[in-house]
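# Examining the three-dimensional arrangement
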Amino acid sequence: MPTTPLLLAALAALAALAVAAYSSCSPGPDPSGKCQRLASTHSATCVDLHLRTCADAAYNHTSFPTPLEHRSWEAVEASPEYTLLGVLHFLLEGQCNPDLRLLGCSVLAPRCQGGHTQRPCRRVCEGLREACQPAFDAIDMAWPYFLDCTQYFAPEEEGCYDPLEQLRGELDVEEALPSGLPPTFIRFAHHSYAQMVRVLKRTAARCSQVAKTYSIGRSFEGKDLVVIEFSSRPGQHELMEPEVKLIGNIHGNEVAGREILIYLAQYLCSEYLLGNPRIQRLLNTTRIHLLPSMNPDGYEVAAAEGAGYNGWTSGRQNAQNLDLNRNFPDLTSEYYRLASTRGVRTDHIPISQYYWWGKVAPETKAIMKWIQTIPFVLSASLHGGDLVVSYPFDFSKHPHEEKMFSPTPDEKMFKLLARAYADVHPMMMDRSENRCGGNFLKRGSIINGADWYSFTGGMSDFNYLHTNCFEITVELGCVKFPPEEALYGLWQHNKEPLLNFLEMVHRGIKGVVTDKYGKPVKNARILVKGIRHDVTTAPDGDYWRLLPPGSHIVIAQAPGYSKVMKRVTIPLRMKRAGRVDFILQPLGTGPKNFLPGPSRALPRSLDPQGAPAQLDFEPPRARRQPASGSKPWWWAYFTSLSPHKPRWLLKY
């Protein structure tokens, strides 16, 4: 199957560096086609490391012969193993980079110190293989023989070393606060990637009882997509505790959201420790995830130009030149197709396998996997370039209309969410016609996305149509990369709107769906009459349904059970979601399924089979599968380098 012209060009360029490739097997390949491992010696003459692909290794000296029996730099550089390390970045579309490359370097150019070679640790190899095997499966490539964890790597007791130890070493260095400043001090300045990670880690350490950091994946250039989480039990989902996320810097040159989320993390921590009752209540009842930078690679491009000098598009895309907010599956078109058909569900729409044939950024994959792993209820993405809050749908219901009001079934709720932000933002409510975003004043500084301008592949539409999550888009101001002196004002304008929006996750109802024995029912559907969009229960049977004020008939059902209906009333002013539990009876055994009388909530219709829609995240392995009996699409590239074909890359 042919690959993209851009990738072919990249591979061709790398091929020019390896025109004399030859087999490194010695004395010859074994019957399986893999190279035999030769015994390596611990005593060696150390020489300077001269390999461009391994220039950022954590050591400067290596030795010959290598574990693969290469006896010169020319032999290493001409080998298919070395060529593979140079192109893995492109083949795997940025996944597991640079970890795999550095792991391979530790075998092709082993560490030499004090006249002795050192072998890398087996545990590092095993951990990386577990994490990266799906990426190899996605392109139908075998795990490289020279990364055999049992053959070329050593156990801890033999004195091995970690070749990835310094991969993020600069991020572990503590950045001391200026002398005399309290720990609650917030530095209203732009943060480099390393500074951002240090601040988030330091904040999580200060509030370890309610905060932790974690990574949801890597950017194309290998930077961790770092999240800081706040909850009463960080690191775990609690029954009926709603999950909310805020994402900044989707476009690398739109940096206000990035900085505001860094400040918000510090603010939440400090105010919690100071006993602020509002913040303590928020963190004790909500699990909050902040991803300040979804596009750290693009940010580096924008930051190199500097605040005030940045162009309108410089750094907008990721390192693959992809607009991350146009890179998600287009489920909106499928929604419009399904919505015209009765008896077909229009929620939790699966991802088409055709999507994986396109270019999918690792940052996009990380977000999709993240929202499939955690049952998010509410989300906001923070952008720059205007001053307005928009909400789905972002893609017009008529594909040829650039501006066309295109509401979701939850139009009323989305407007409430948008107003929760805009109504308390002083600049969004400023009546001056000269202010940024003045053309949105008559609309109350909120707008349906497609009514503003239509685009496909957006993150907000994907959240709504593929999961339970409601996401809005906040444009924080007309200056994409504001000067440092403007950052404090931006924080002051957005602090209350952010808190108000986070509290909106408690609007509506929540509960647990169980069977008659009290066992939770996973993926049960929660339907609301008059709103053709269902939510589903989490693995523990809990659910959250954001709802506007008013009276609603709510239905719970699952395959094999009788459906149960309840009437709930949502008050106009609501601080806490009303609890509405459901007990489902097996079909044919339960009582009458309509429970009359109001149940006051205080402080896609059926598919043809009636089965719940699949929530599964489509793995990339669906992409680029070879036809029966044929070789994978990348095989021609490697076979063009040398008559010694690297059959160890073939899975079959």
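Counting starts from 1 at the beginning of each chain's written sequence and moves along it residue by residue. It should be noted that, the model being predicted, local features are given only for residues of pLDDT at least 70 and side-chain atom pairs only at 80 or more, the latter also being counted only at that level, while totals for whole chains, interfaces and linings use all residues. Here the side-chain values reflect all heavy atoms present in the structure, with hydrogen atoms and water set aside.

### Overview of the overall build of the protein
The secondary structure listing takes helices from DSSP runs of H or I that are at least 4 residues long and strands from runs of E that are at least 2 residues long, numbered from the N terminus. A count of helical and extended segments in the protein gives 16 helices and 21 strands. Within the span of the protein, comprising 652 residues, buried residues form 57% of the whole. For the protein, the accessible surface area stands at approximately 27,100 Å², while carbon and sulfur atoms represent 53% of it. Categorising residues by exposure relies on relative accessible area from a 1.4 Å probe, with only protein chains included: less than 20% of the type maximum marks a residue as buried, more than 50% marks it as exposed, and the intermediate range marks it as partly exposed. All accessibility values rest on the Shrake-Rupley procedure with a 1.4 Å probe; residue burial counts only the protein chains present in the view.

### Some points on helix α8 (residues 277-285)
Inspection of α8 places I279, L282 and L283 among the buried residues, and these make up the whole buried set. Down the axis of α8, the buried side of the element spans an arc of 90 degrees, and every buried residue falls inside it. Across α8 from its buried face, at more than 90 degrees, point the exposed residues P277 and R281. Buried positions along α8 lie against β6 (224-230), α7 (256-273), β8 (287-291) and α15 (487-503). The distance from a side-chain oxygen at the start of α8 to the backbone nitrogen of R278 is 3.0 Å, and the residue carrying that oxygen is N276. Working definition: the arc comes from the directions between the helix axis and the C-beta atoms, pointing outward to the latter. The contact criterion used throughout is that any non-hydrogen atoms of two residues lie within 4.5 Å. Under the rule applied, a polar contact is a pair of N or O atoms within 3.5 Å (in protein, one hydrogen donor and one hydrogen acceptor; residues adjacent in sequence only if both atoms are side-chain atoms).

### Some words on the environment of S340
If you trace the backbone, S340 turns up in the loop between α10 (332-339) and α11 (362-373). Of note is the side chain of S340, whose polar atom sits 2.9 Å from the backbone oxygen of R337.

### As for the packing of aromatic side chains
Only rings of Phe, Tyr and Trp enter the pairing, Trp through its six-membered ring, and a pair is recorded when the two centres are within 6.5 Å. The plane angle decides the type: under 30 degrees is stacked, over 60 is edge-to-face, the rest tilted. All told, the structure shown has 29 aromatic pairs when counted by the stated rule. Look at Y145 and W648: their rings are 5.0 Å apart centre to centre, the planes differ by 70 degrees, and that puts the pair in the edge-to-face class. With a relative accessible area of 6%, W648 lands in the buried category. Ring plane angle 50 degrees and centroid distance 4.9 Å describe the contact between Y335 and F393, whose orientation is recorded as tilted. You can see Y335 sitting in helix α10 and its partner F393 sitting in the loop between β10 (386-391) and α12 (411-422), a full 58 residues away along the chain. Comparing Y335 with F393 shows no difference in burial state: the two are buried. An aromatic cluster is built from Y335, Y336, Y391, F393, F414, Y464 and F470, whose rings are joined through pairwise contacts. A cation sits over an aromatic face here: R258 above Y299, 3.5 Å from the ring centre. By the criterion adopted, a ring carries a charge over it if an Arg CZ or a Lys NZ lies within 6 Å of its centre and within 35 degrees of its normal. Over the ring of F582 we find K566, and its NZ or CZ is 5.2 Å from the ring centre.

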